[in-house]
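Single-letter residue listing:
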Amino acid sequence: MTRSGSHRTEPGAAPGSRVAVDGGGLKATSSGIVLLPGDASSAYKAVSVGQVRLSSQRPLCATETGSVSCKGIQEWRVTVVVT
């Protein structure tokens, strides 16, 4: 991505979970979209040259009482290079 570009993440982040940011070059910003209850989203603007790793995780199965559940975790990672 070039400076002043933007990046938005939607899938993968569980409601209430955070996207971890490791590195420099991105600044959190508004995604410019309306989020409904249960949605998970994050948006970043490239502000300087650098490399940033974004990651998040969520339970793979339902966590509600009385539902089928498992101990699996779904995780995603992406590396953003700002030039």
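Residues numbered from 1 in each chain as written. Predicted model: local features only at pLDDT ≥ 70, side-chain atom pairs only at ≥ 80, totals over all residues. Heavy atoms only, no water.

### Topic: the sheet that holds strand β2 (residues 20-23)
And step 1. As summarised here, the arrangement of the three strands in space is β2-β5-β6, forming an open sheet in which the pairing is antiparallel. Sheet topology places β2 and β6 (73-82) at the edges, where each strand pairs with a single neighbour. The mean inter-strand angle of the sheet, taken between neighbouring strand axes irrespective of direction, is 20°. (Pairing = 2+ DSSP bridges. Helix = DSSP H or I, 4+ residues; strand = E, 2+ residues; numbered from the N terminus. Axes fitted to C-alpha atoms, helices over the stretch in contact; angles between N-to-C directions.)

### Some remarks on the nonpolar core
And step 1. If you look at the biggest cluster of nonpolar residues, it comprises nine residues: Val19, Leu26, Tyr44, Ala46, Val52, Leu54, Trp76, Val80 and Val82.
And step 2. Among the elements of the structure, β4 (42-46), β5 (50-59) and β6 are those that each provide at least two residues to this core.
And step 3. Broken down by element, this core gets its largest block of residues, three residues, from β6. (Core = buried A, V, L, I, M, F, W, Y, C linked by side-chain atoms within 4.5 Å. Buried < 20%, exposed > 50% of the residue type's maximum accessible area, 1.4 Å probe, protein only.)

### A look at the confidence of the model for the protein
And step 1. When pLDDT is averaged along the protein, the result is 75; 65% of the residues meet or exceed 70.
And step 2. Mean pLDDT values over the elements of the protein span from 62, in strand β1 (residues 6-9), up to 88, in β2. (pLDDT = per-residue confidence, 0-100.)

### Side note on the environment of Gln74
And step 1. Inspection of the secondary structure assignment puts Gln74 in strand β6.
And step 2. For Gln74, a relative accessible area of 34% gives the class partly exposed.
And step 3. Once the C-alpha coordinates of Gln74 and Gln57 are considered, the two residues, 17 residues apart in sequence, prove to be 5.5 Å apart.

### Quick word on the side chain of Ser55
And step 1. Structurally, Ser55 is set in strand β5.
And step 2. Setting aside anything within four residues of it in sequence, one finds Ser55 in contact with Arg18, Val19, Ala20, Trp76 and Arg77. (Contact = heavy atoms within 4.5 Å.)

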